[in-house]
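These are the residues of each chain, in order.
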Amino acid sequence: MPKNLSIKYYVEPDPAALARHAAQYFVEMAGEAVEARGRARIAISGGSTPKAAFQLLADPNQPWRWRMPWDSIDLFWVDERTVPPDNAESNFRMTREAMLDQVPLKPEQIHRMEGELAPQAAADRYESELRSSFRIEGADIPRFDLISLGMGDDGHTASLFPRTAGLHEKSRLVIANQVPQKDTWRISLTWPVINHASSVFFLIAGTDKAAILNEVLTGPRDPERLPSQLIWPCSGILTLILDKAAAALLPATDGEGCGVLERER
């Protein structure tokens, strides 16, 4: 983990503009990865904010649909609920309905978490999937080209919730994390895996996120209470795409809607 972290945030006027910016970012980052390494390995999160971006990526009337290098993408998930893939709560189902059913990704390019399995079995299976897909062994960590995250109004990200055991896991790639406050289990990438990605970005919208986002980015370091503070990419750069409501308490941006914060461990 680098000592210093540069946080670059872009503020859009509303959720629709945020979705357009996110779609553009997915296309740009995927294109850069394909140009540099021949493939783009992307891990995505669930929720209504990325859903809007996925719908734009799938829309044949939008430019992003035709600019995305679909044939060179491997799609993974950051986390999943412990439900079957057709359940209304499934992150996979949301992505399938918003995007996968409309785009030319082959089944072998789609690497879902099997939430219908027992939690630990699902975590073990996905860790094995990562090791196979990235051809890694032992203590090696997969290096995603891009990881997209959200943030809850309690400061959680992925399925790393406040004061849960998953916050302390450093040796595994994927965990079954018990979340007592929701009386459930979740499957999640661990934060060292997230931080090892080439690029990590947050998509955050809504007035209910403003106070917690400001605290995560500018407040005292307390990742046990604010797990999103664990996201400190090895690149030393963290990107956020926000709507105006979520960014309301952050320092003002420049004339192009961009702001920069610097944090030190």
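Not measured: the values here are computed from a predicted model. Each chain has its residues counted from 1, following the order in which its sequence is written. Predicted model: local features are reported for residues with pLDDT of at least 70 only, side-chain atom pairs are reported and counted for 80 or more only, and whole-chain, interface and lining totals are derived from all residues. Where side-chain values are given, they derive from all heavy atoms of the structure, hydrogens and water being excluded.

S.K.: I would appreciate a short explanation of the overall build of the protein chain in the present structure.
M.R.: Strands here are runs of E lasting at least two residues and helices are runs of H or I lasting at least four, both read from the DSSP assignment and numbered beginning at the N terminus. Looking only at helices and strands, one finds 7 helices and 11 strands in the protein chain. Atoms counted for the radius of gyration: C-alpha only. Globule rule: 2.2 Å times the number of residues to the power 0.38. Since a compact globule built from 265 residues should have a radius of gyration of about 18 Å, the 17 Å found for the protein chain is in line with a globular shape. In terms of principal-axis extent, the alpha carbons of the protein chain reach across some 45 × 45 × 35 Å. Partly exposed residues are those whose accessible area sits between 20% and 50% of the maximum for their type, while under 20% is buried and over 50% is exposed, using a 1.4 Å probe and protein chains only. Across the 265 residues of the protein chain, 53% fall into the buried class. Residues are treated as being in contact if the distance between any of their heavy atoms lies within 4.5 Å. The contacts of the protein chain with a sequence gap of at least 6 include a subset with a gap of at least 24, amounting to 75%. Using a 1.4 Å probe, accessible areas were evaluated by the Shrake-Rupley method; residue-level cover was limited to the displayed protein chains. Just so you have it, the protein chain exposes about 11,700 Å², and 48% of that area is on carbon and sulfur atoms.

S.K.: I'm lost on the pattern of salt bridges in this one. Help?
M.R.: Salt bridge, as applied in this entry: a Lys or Arg side-chain nitrogen positioned within 4 Å of an Asp or Glu carboxyl oxygen. Applying the stated criterion to the full structure yields 14 salt bridges. A salt bridge links D145 to R37; the nearest nitrogen and oxygen atoms lie 2.7 Å apart. Remark: R37 occurs in helix α1 (residues 15-37) and D145 occurs in the loop between α5 (119-134) and β6 (146-149); sequence separation between them is 108 residues. You can call D145 buried: its relative accessible area is 8%. With its nearest N and O atoms 2.7 Å apart, the salt bridge here joins R39 to D74. Here R39, found in the loop between α1 and β2 (40-44), pairs with D74, found in strand β3 (residues 73-77); they are 35 residues apart in sequence, far enough to count as distant. With a relative accessible area of 25%, R39 lands in the partly exposed category. When its relative accessible area of 10% is taken as the criterion, D74 is described as buried. Three or more residues joined by partner-sharing salt bridges are found here, namely R93, R96, E97 and D101.

S.K.: I keep staring at α1 and nothing clicks. Help me out?
M.R.: Turn by turn, an α-helix covers 3.6 residues, leaving residues three or four places apart pointing in a common direction. The first and last C-alpha atoms of α1 sit 32 Å apart over 23 residues, in line with the 33 Å expected at 1.5 Å per residue. Considered for burial, the residues of α1 that qualify are A17, L18, A19, H21, A22, A23, Y25, F26, V27, M29, A30 and A33. Pairs of N or O atoms are called polar contacts if they sit within 3.5 Å, as long as, within protein, a hydrogen donor faces a hydrogen acceptor (for residues adjacent in sequence, only side-chain-to-side-chain pairs). For α1, the N-terminal cap is D14; the gap from its side-chain oxygen to the backbone nitrogen of A16 is 3.1 Å. One or two positions beyond α1, positive phi appears at G38, with a value near 85°. Between the first and last residue of a helix there are one fewer steps than residues, each counted as 1.5 Å, and that sum is the expected span.

S.K.: Please clarify how the sheet that holds strand β5 (residues 110-111) should be interpreted in this entry.
M.R.: Pairing between sheet strands relies on hydrogen bonds along the backbone, with the strands arranged either parallel or antiparallel. At least two bridges found by DSSP between two strands are what make those strands a pair. What the 8 strands build is an open sheet, ordered β5-β3-β2-β6-β9-β10-β1-β11; its pairing is mixed. Each having just a single partner strand, β5 and β11 (258-264) make up the two edges of the open sheet. Pairing between strand β1 (residues 4-12) and strand β10 (residues 237-243): 7 bridges, direction parallel. Bridged to Y9 within β10 is L240.

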